[in-house]
Amino acid sequence: MPGPPCGSLLDYKTAKFSVTRNRRVGLLHRLLQLSALGYLLGWVLLLRKGYQERDTAPRVAVVTKVKGAAVAEAAGRRLWDAADLTWPPQGENVLFLVTHFIATVQQAQGTCPESPSVLDGMCAEDADCPMGNPVVHGIKTGKCLMFNATHSTCEIYGWCPVENSTLPRKPLLAEAENFTLFIKNTVHFTKFNFSKCNTLQTSDPNYFKSCTYDPVFNPSCPVFRVRDMVEAAGQNFADLALLGGSIRVLIEWNCDLDHPATQCQPQYSFSLQDMRYNFRTASYYWGSQRQLYRNLLKLYGIRFDLSVHGQAGKFSIIPTAVSCGTSIAFFGAATMVCDLVLLYLDAKADLYWKEKFEEVRRGPHGREEVLK
Amino acid sequence: MPGPPCGSLLDYKTAKFSVTRNRRVGLLHRLLQLSALGYLLGWVLLLRKGYQERDTAPRVAVVTKVKGAAVAEAAGRRLWDAADLTWPPQGENVLFLVTHFIATVQQAQGTCPESPSVLDGMCAEDADCPMGNPVVHGIKTGKCLMFNATHSTCEIYGWCPVENSTLPRKPLLAEAENFTLFIKNTVHFTKFNFSKCNTLQTSDPNYFKSCTYDPVFNPSCPVFRVRDMVEAAGQNFADLALLGGSIRVLIEWNCDLDHPATQCQPQYSFSLQDMRYNFRTASYYWGSQRQLYRNLLKLYGIRFDLSVHGQAGKFSIIPTAVSCGTSIAFFGAATMVCDLVLLYLDAKADLYWKEKFEEVRRGPHGREEVLK
Amino acid sequence: MPGPPCGSLLDYKTAKFSVTRNRRVGLLHRLLQLSALGYLLGWVLLLRKGYQERDTAPRVAVVTKVKGAAVAEAAGRRLWDAADLTWPPQGENVLFLVTHFIATVQQAQGTCPESPSVLDGMCAEDADCPMGNPVVHGIKTGKCLMFNATHSTCEIYGWCPVENSTLPRKPLLAEAENFTLFIKNTVHFTKFNFSKCNTLQTSDPNYFKSCTYDPVFNPSCPVFRVRDMVEAAGQNFADLALLGGSIRVLIEWNCDLDHPATQCQPQYSFSLQDMRYNFRTASYYWGSQRQLYRNLLKLYGIRFDLSVHGQAGKFSIIPTAVSCGTSIAFFGAATMVCDLVLLYLDAKADLYWKEKFEEVRRGPHGREEVLK
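Quoted verbatim from the Catalytic activity (unreviewed entry) field of the UniProt record, the comment on chain A reads "Ca(2+)(in) = Ca(2+)(out)". What UniProt states about chain A under its Subcellular location (unreviewed entry) heading is, verbatim, "Cell membrane".

Encoded structure:
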C-alpha cells in the first residue's frame, strides 16, 4: 500500500463524526431511525415473517369421490347413483355433477325440419332455405317444412330428429343436492421436505365415512355436501341445478413450520365462477339394419373446479440476513436525509458545512494541504 | 453510556468529510452517482416498475365450447357435429378436435393374421412365429398365414380383425377447419382482489354469437376459427389434419392496475407444440351370442392446449422502499470505488491518506492520544 | 447551495476516519469483512448462483402413450391391449392403467336384495328395512329378503343386481406390469426463449421404439416399464395391482444455461402418492323391450400423476448487481458492530469517543463553534 505511513492491516479505522447540539435535526434523526427499526421489526419480521424461507409452490395431489343416489321422475321412476351422475368418472381437479339433462335418443343421419328455436332455420317458403347453407343442427336441403301447427322451419340434413331445446322448468335430478364429495388432498413442500394430507388427522378409520364438513363444528372433515358447497358460494341449489354452473373450491394451506405441524390445516372456500354450464355428449350404436344411431345428451350440472394453493415458511438464516441487510440501508438513508436538512435547510448550515467538510487546499508549494 | 462526556440522545452526529479539489475523482464520483440514479429511475422504477407490488400467479378459469358441423364422405354421406368431434365433451384446458380417423368395427377376441405393417409379424413359415410371443396386436399362436397375395404374417390371438394401418391420403373431416372455438376465460389476482373476464366487454348479448377473432380488427372477440388458429401457429390445416398435431393457445394477461381496468386485456398467441397426434379409443358391446365386440377408433386430430398466464402490478409502498433501499447501496459503492482510487491510485495518495485517516497513537503515558 | 464557501460540484468529499491501533477491534473488523466477502462469493454467487436470472415457471407440455397387451383369465381367455386398459384414452398429465376390475353386467332399474357387505342393509325382519330410506345401492322398499343361505338383507329399489363387493385375491390383469409408458415432454423457459424436449437427443428414429428407461444405463430414454416405475416408488406391483394406487411421476429440469444446452436433461423420479385407488364407470344400452341396461365396472388400477417442474438460470447483470448490493450492506454492518465494540465495550472507550465525535458547541457568542 503506497499511502499510509505506518499502515497495518489490523489498525481499526473508525469514521469521524461532528457532534452538533442541534436538537431538531437530532430528533428527526432518532425518529427516522425508530421508523426504520419499526419497519424492520414490525413489518419485515413480524408481519411478513422476513426471517422465514418460504415455499409457495407445493406439489399437490387431489383425489375426489362422489357418493349418493337420486331419484329422477322424468322417464318413469329412475334411480341415479354417483356412477351415473359424475363425469369424468375418475376424481380429479375438475368434477362435473349432472343435475339436469335433455336426452335426444336414437338420432340417425337423415333429413328433418330444423328446431324452431334456431332463428336462421325459420322459413315461409322454400326460397328461405338455400340448399347447402349450414345451420346449427345440419345443412339446409332447400325445402321448407311444417314443424308444428304454428312454425315452419327449413329441412336440414344432419342428425335427426333435432334436439328439443325447451328445458323443463324443474331440474330432473334435484336430489343431487344431498350427494357428498370426498376430497383427499396432499401437499408436499419440497423445500422443507414436509408433507401433509387432509385425511390423516384421526385414528378412527370410519370417521370419514360418517362425518360432514361444517366450517364451525367440523372444519377438518373433508366430506362436503353438494348443497352446502353451493350455498357457501352464495347460490341457491335449485337455481343453479336448472341451468348449471361452475363453482370453485379453493383449498388453502398456510403453514408456519416453526409451529407444530398439527396447526398446519387447510382452509376451504367456495365461490361461484360461472352461471350456466352445460355440454353435450353422445353415445353411438348400430341398429338392426346396420345403421348408425346416437343418443345425444345435453347435460346441465355443477362443475367443481378444485384448486389447491399453499405456502409454508420456516426460519432460515439467509432470508433473515437479507431482511436485515435491506433494512440497514434505511438507517443509512435516515442519516442522508438529516445531513441534507442540516446542510441545506438549517439556519446555521454555513457552520455545519465547514465543520463537516474539512478542506484540503493547494498550498503555496503547489500541492494540496490541509486548510486549518 | 460510558464514553461520551456530555452525550445526549438528541445530539446529531454527522460524519466528517475531507474536501479535496481532485477534479478527476470528483468527476468519477458524480458519474457513478448519476449511473446509480439512472439505474434506480430508469431501470428499477420505469422499466421494471419496481414501485409496484406484483401478482404473477392469478387464479384462472377456462371454459371452452366448440361449434360447427362437417360432412365426411367416408362411409356414405355423414354429417358430424361438435358433439361427435370434440373430446373430452366438457371444455377444459385441453381440447381435442377429430380431423381424421381409422375405424376398425366389430373386433372380437379370436385368431387372425397380424397386420403386414408390423415388422415382427412377417413370416415365411410356421417356425418364424414362436407360439406365445407377444407382438403389437396380440400373441402369436405359432402359425404362419397368407395375409394377402403378397404378404404372409403370423397368426395372432387378440382382437380380430387387426387394425388396418394405412391411412387415407385425405383427412376425412377436412371441414373441421371452419369449426369455432369459444374460450371463456376469467383471471383473478388475489393480491389485489381484481377479477376480469374476457367476455364481459360488450353490452350486446349476441356479439359473441356472431363475431370471430381477428388479431387486428377484432382482438377482443374470444371466438376462434380453427383454421385461423392453425395458420397463426404457422401450419397448414390440411397437413396438420391428416396426421394430427398439438397446438398451444397461450392467453396472456398483463395488467397495470395503476391504469384503468379497461386497458387490462388478454393477448392470444398460438404455437405448434407437436406434429403427429393420435390416440385410440374403444367402445364395447355384446353381440347376439353374448360375445363381446368392440369398435376401435384411432383418432387423429388437433389437440389444443390452453394455458393462461397473467401478471398484474399495482403501486405499493413496500416494493418502492425495497427498490430504493437496494439502489442506495449503489451510492455507497460509488463512494467506496472513489476512495480506493483516491487512496491507492492517485499521485498524491499519501496526502489524502493522512488527511482521511487521523491517527490515534500511543502517547508517552502509555495510552493512545491523537497524533497531530 | 447556501452552505459551502467555495463549493463546487466536482470537489470530491471523502469521509474522515480515525485510525486506532486497537488490534482486537481491528482483527474483529477484518474477520467480519472476510465473512461478508465469503458470504458474497461462496453462498450468494457460487451456491445460490446469485449472478443468474432465474425462470422457475417454464411452460410444459406432456403427451403420453401406453403400449402393451395382457391376457386376463377371468371370463374365458381374453386379451386386453392398451386401448382397453388405459383411461382417459388421450395421454395427458393423469393416466390410469387398469389392473383389476369388478364387472356387474346388465344392471337394470328394479328391486333386489342389498349386498350383505353393506352394514345398513342387513336385516332380520321387514321392520329393519324402513321404506324409502336410502342405503348404498338404492332405496329400501320395506321388505327383508334372503340374500343367500347365511344372510338376509333389505330389498332395495335401484340398479339390480347390486355389485358384488368381494374382490378376487389375484389381480385379473397382472400382466399389465409389462406395459410401457412413453412420456414426451417439452419445456419452454420464456424468459430465455429456450425450449427443450426429452425426445430429441438422438438421430436414430427407432431408438424410442426399442429402448427402456434405466436410471443408470439408459437415463435419457423416455419409455418406462410400468413395473419398473412401481418398484422405483418402493412398491410391489402385485400388491398395488390388487387394490390400486396412485404414483407420482416427477420430471425435473434443472438447467444452467451458462453451460451447453446438452447438459440440460430431465431427471425422473417416482413416489407413491396413495394406496387404494378405484372408481366406477358405467355404459348404458337399451335391451329388446326398450329397457335401459347398464354395465357397471369398478376399476382398480394404477394412476400415474405426471408433474413437470423446471428451473433455469442464466447470467444477467441485474441479479448480479442486486446480489452485490445486498452484500455491500453487510460490509456496512461489520463497521457498525466494530464501532459499538470500540465505543461501548473497550477499556479506552472514553478516548475513542472523543476522537470519533468532534463536538460543535455553542460558543460565547451564542452560536455553535468547534470545541477544540
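Resuming the write-up.
Caption draft 1: Here's a closer look at the overall build of chain A. Across its full length, chain A carries seven helices and 20 strands. Taken against the 2.2 N^0.38 rule, which gives 21 Å for 372 residues, the C-alpha radius of gyration of chain A at 38 Å runs more than 25% over that of a compact globule. Across its three principal axes, chain A shows a C-alpha extent of roughly 120 × 65 × 40 Å. Classification of the 372 residues of chain A by burial places 52% in the buried group. In chain A, the proportion of contacts linking residues at least 24 apart, taken out of those at least 6 apart, comes to 67%. Carbon and sulfur atoms provide 57% of the accessible area of chain A, an area that totals close to 17,700 Å².

Caption draft 2: Here's a closer look at the relation of the copies chain B and chain A. For the pair chain B and chain A, the relating rotation is 120°, the translation along its axis is 0.0 Å, and the fit reaches an RMSD of 0.1 Å. Both chain copies can therefore be described as sitting about a three-fold axis. Closest approach to the rotation axis among the C-alpha atoms of chain B is made by lysine 16 of chain B, whose C-alpha sits 3.1 Å away.

Caption draft 3: Fine view of the interface of chain B and chain A. The interface is formed by 56 residues belonging to chain B together with 72 residues belonging to chain A. Here chain B and chain A share an interface that buries about 6,200 Å² over both sides, 55% of which is from carbon and sulfur atoms. In this structure, the connection of chain B to chain A is made through five salt bridges. Here lysine 184 of chain B ties to aspartate 274 of chain A by a salt bridge, and the two come within 2.7 Å at their closest N and O atoms. Inspection of the chain B/chain A interface yields 18 residue pairs in polar contact (both at pLDDT 80 or more).

Caption draft 4: Structural view of the packing of helix 6 (residues 317-345) of chain B against helix 7 (residues 349-356) of chain B. Residues and elements named next belong to chain B. At a minimum axis distance of 7 Å, the contact between helix 6 and helix 7 shows a crossing angle of 120°. The angle between the axes of helix 6 and helix 7 places the two elements in the oblique class. Touching Asp339, Leu342, Leu343 and Tyr344 of helix 6 are Ala349, Tyr352, Trp353 and Lys356, all from helix 7. Class assignment for the residues of the contact of helix 6 with helix 7 results in six nonpolar, no polar and two charged.

Caption draft 5: Structural view of the packing of helix 6 (residues 317-345) of chain A against helix 6 (residues 317-345) of chain C. Packing of helix 6 of chain A against helix 6 of chain C brings their axes to within 9 Å, and their N-to-C directions diverge by 75°. As judged from the angle between their axes, helix 6 of chain A and helix 6 of chain C are roughly perpendicular. The residues of helix 6 of chain C that touch helix 6 of chain A, namely those facing Ala321, Val322, Gly325, Thr326 and Ile328 of chain A, are Thr326, Ala329, Phe330 and Ala333 of chain C. Classifying every residue of the contact of helix 6 of chain A with helix 6 of chain C gives six nonpolar, three polar and no charged.

Caption draft 6: Layout of the UniProt feature "glycosylation site" (unreviewed entry) in chain A. Residues and elements named next belong to chain A. Here the UniProt feature "glycosylation site" (unreviewed entry) sits at Asn178. For asparagine 178, the position within the fold is in the loop between strand 11 (152-160) and strand 12 (180-189). Here asparagine 178 falls in the partly exposed class, since its relative accessible area comes to 45%.

Caption draft 7: Local environment of the interface of chain B and chain C. Every contact between the two is made by 72 residues of chain B and, on the other side, 56 residues of chain C. Surface buried jointly by chain B and chain C totals about 6,200 Å² across both partners, of which 55% is contributed by carbon and sulfur atoms. Scanning the region where chain B abuts chain C turns up five salt bridges. One salt bridge in this structure joins aspartate 84 of chain C and arginine 294 of chain B, with 2.6 Å as the shortest N-O distance. Inspection of the chain B/chain C interface yields 18 residue pairs in polar contact (both at pLDDT 80 or more). A class-by-class count of the residues in the side of chain B that touches chain C yields 33 nonpolar, 16 polar and 23 charged.

Caption draft 8: Representation of the state of the cysteines. Evaluation of the coordinates by the stated rule reveals 15 disulfides over all chains. Residue pairing for cysteine 112 of chain B: its cysteine sulfur links by disulfide to cysteine 160 of chain B, the two sulfurs lying 1.9 Å apart. Judged by the torsion about the S-S bond (-80°), the cysteine 112 of chain B/cysteine 160 of chain B disulfide is left-handed. Taken as a pair, cysteine 112 of chain B in strand 8 (residues 94-113) and cysteine 160 of chain B in strand 11 (residues 152-160) lie far apart in primary sequence, 48 residues in all. The residue that forms a disulfide with cysteine 211 of chain C is cysteine 221 of chain C, at a sulfur-sulfur distance of 1.8 Å. Measuring the twist about the S-S bond at about 75°, one finds the cysteine 211 of chain C-cysteine 221 of chain C disulfide to be right-handed.

Caption draft 9: Seen up close, the packing of aromatic side chains. All names here are of chain A. By the definition in use, this model includes 30 aromatic pairs over all chains. With a centroid separation of 4.8 Å and an interplanar angle of 65°, the aromatic rings of phenylalanine 224 and tyrosine 268 are classed as edge-to-face. Of this pair, phenylalanine 224 sits in strand 14 (residues 223-225) while tyrosine 268 is found in strand 16 (residues 266-275), placing the two residues 44 residues apart along the sequence. With a relative accessible area of 2%, phenylalanine 224 lands in the buried category. Look at tyrosine 268 and you get buried, because its relative accessible area is 9%.

Caption draft 10: Representation of the UniProt feature "binding site: ATP" (unreviewed entry) in chain A in the model. All names here are of chain A. In the numbering used here, UniProt assigns the "binding site: ATP" (unreviewed entry) feature to Lys65, Val66, Lys67, Thr180, Asn278, Phe279, Arg280 and Lys298. A maximum C-alpha distance of 24.4 Å shows the annotated residues, which cover 234 residues in sequence, to be distributed over more than one spot. By the element assignment, valine 66 lies in strand 4 (residues 59-67). Residue classification places valine 66 among the buried residues on the basis of a relative accessible area of 13%.

Caption draft 11: Broad picture of the pattern of salt bridges. A full pass over the atoms with the stated rule returns 40 salt bridges over all chains. The salt bridge involving lysine 49 of chain A is made with aspartate 256 of chain A; its shortest N-O contact spans 3.0 Å. Highlighted residues: lysine 49 of chain A in the loop between helix 1 (23-47) and strand 3 (52-55) and aspartate 256 of chain A in strand 15 (residues 245-256), separated in sequence by 207 residues. Of the residues examined, lysine 49 of chain A reaches a relative accessible area of 27% and is grouped as partly exposed. Judged by relative accessible area, which is 15%, aspartate 256 of chain A ranks as buried. As a salt-bridge pair, glutamate 177 of chain B and arginine 227 of chain B come within 3.6 Å of each other at their nearest N and O atoms. Linking glutamate 177 of chain B in the loop between strand 11 and strand 12 (180-189) with arginine 227 of chain B in helix 4 (residues 226-232), this pair joins segments that are 50 residues apart in sequence. What makes arginine 227 of chain B partly exposed here is its relative accessible area of 30%.

The rules behind the values
- Residues numbered from 1 in each chain as written.
- Chains lettered and ligands numbered in written order.
- Predicted model: local features only at pLDDT ≥ 70, side-chain atom pairs only at ≥ 80, totals over all residues.
- Heavy atoms only, no water.
- UniProt positions renumbered as here; feature names shortened; annotations may be inferred.
- Helix = DSSP H or I, 4+ residues; strand = E, 2+ residues; numbered from the N terminus.
- Rg over C-alpha atoms; globule rule 2.2 N^0.38 Å.
- Buried < 20%, exposed > 50% of the residue type's maximum accessible area, 1.4 Å probe, protein only.
- Contact = heavy atoms within 4.5 Å.
- Areas by Shrake-Rupley, 256 points an atom, 1.4 Å probe, with all protein chains shown as cover.
- Least-squares fit on C-alpha atoms with pLDDT ≥ 70 in both.
- Buried area = accessible area lost by both parts, 1.4 Å probe.
- Salt bridge = Lys/Arg side-chain N within 4 Å of Asp/Glu carboxyl O.
- Polar contact = N/O pair within 3.5 Å; in protein donor to acceptor, adjacent residues only side chain to side chain.
- Axes fitted to C-alpha atoms, helices over the stretch in contact; angles between N-to-C directions.
- Parallel < 35°, antiparallel > 145°, perpendicular 65-115°, else oblique.
- Nonpolar A, V, L, I, M, F, W, Y, C, P; charged D, E, K, R; others polar.
- Disulfide = S-S within 2.5 Å.
- Phe/Tyr/Trp six-rings, centres within 6.5 Å; stacked < 30°, edge-to-face > 60°.

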